[in-house]
Amino acid sequence: MGLYADCNVSDLLSNLSEVGKGIVDNIAESIYSSQCRVCLISRWYLHSDWCSLEMRLATHWLLEEQTHRLILIFLEHISPFELSAFHCLARLVRSHTYLDWPEDKGDRVHFWDHLRRNIAEEDEDAS
């Protein structure tokens, strides 16, 4: 299973698939070559130009191909009003399952189990 997780720009830059290749090309190649993509969503993420590009490419690929899997994890509460500026993401939240990162540490075991099940389901669907 190919898994690509957005953590921050420095992680992305240290893991470029080809040195000398443009950042946009590397982002697109990483997205298009993964079967399952996990996006960690925060307010910072939503307002970052690079992360916005990644989200647009990932949602386009998801809606276009219908085989690509996108798992959204919200690291903080973001209201529907705040999401309304991000049309594709707002549409995905209404139509797809997403996970909220639990503030209570006691709930994190359940969170990780839920994430593993989501990834395993997609891995089975891809076989």
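Remember, it's a predicted structure, so these values are computed and weren't measured experimentally.

Quick word on the confidence of the model for the chain
Next, step 1: Overall, the prediction assigns the chain a mean pLDDT of 75, with 76% of residues at 70 or greater.
Next, step 2: In the model, residues 8-12 has pLDDT below 50 throughout and makes 4 contacts with residues more than four positions away in sequence or in other chains.

Concerning the side chain of Asn118
Next, step 1: Structurally, Asn118 is set in helix α7 (residues 108-126).
Next, step 2: Judged by its relative accessible area of 9%, Asn118 is buried.
Next, step 3: Ignoring any residue separated from it by four or fewer positions in sequence, one finds Asn118 in contact with Arg69, Ile71 and Leu99.

Let's talk about the packing of aromatic side chains
Next, step 1: Overall, the coordinates contain 4 aromatic pairs when judged by the stated rule.
Next, step 2: Aromatic side chains Trp101 and Trp112 sit 5.7 Å apart centroid to centroid with 75° between the ring planes, which places their arrangement in the edge-to-face category. Pair noted here: Trp101 is in the loop between β4 (98-100) and α7 and Trp112 is in helix α7, with a separation of 11 residues, a long-range link.
Next, step 3: Given a relative accessible area of 25%, Trp101 falls into the partly exposed group.
Next, step 4: Given the relative accessible area of 39%, Trp112 is considered partly exposed.
Next, step 5: Taken together, a centroid distance of 5.1 Å and an interplanar angle of 80° make the contact between Phe111 and Trp112 edge-to-face.

A closer look at the environment of Cys36
Next, step 1: Note on placement: Cys36 falls in strand β2 (residues 36-41).
Next, step 2: For the pair Cys36 and Leu62, spaced 26 residues apart in the sequence, the C-alpha separation amounts to 10.0 Å.

Here's the deal with the pairing of strand β3 (residues 69-74)
Next, step 1: Burial analysis of β3 places 6 of its 6 residues in the buried class, the great majority of the element.
Next, step 2: Bridge analysis of β2 against β3 gives 6 bridges, and the strand direction is parallel. Its bridge partner being in β3, Arg37 is matched across the sheet by Leu70.
Next, step 3: Summarising the sheet, β3 and β4 pair through 3 bridges and their orientation is parallel. Of the residues in β4, the one forming a bridge with Leu72 is Tyr98.

Calculation rules
- Residues numbered from 1 in each chain as written.
- Predicted model: local features only at pLDDT ≥ 70, side-chain atom pairs only at ≥ 80, totals over all residues.
- Heavy atoms only, no water.
- pLDDT = per-residue confidence, 0-100.
- Contact = heavy atoms within 4.5 Å.
- Helix = DSSP H or I, 4+ residues; strand = E, 2+ residues; numbered from the N terminus.
- Buried < 20%, exposed > 50% of the residue type's maximum accessible area, 1.4 Å probe, protein only.
- Phe/Tyr/Trp six-rings, centres within 6.5 Å; stacked < 30°, edge-to-face > 60°.
- Pairing = 2+ DSSP bridges.

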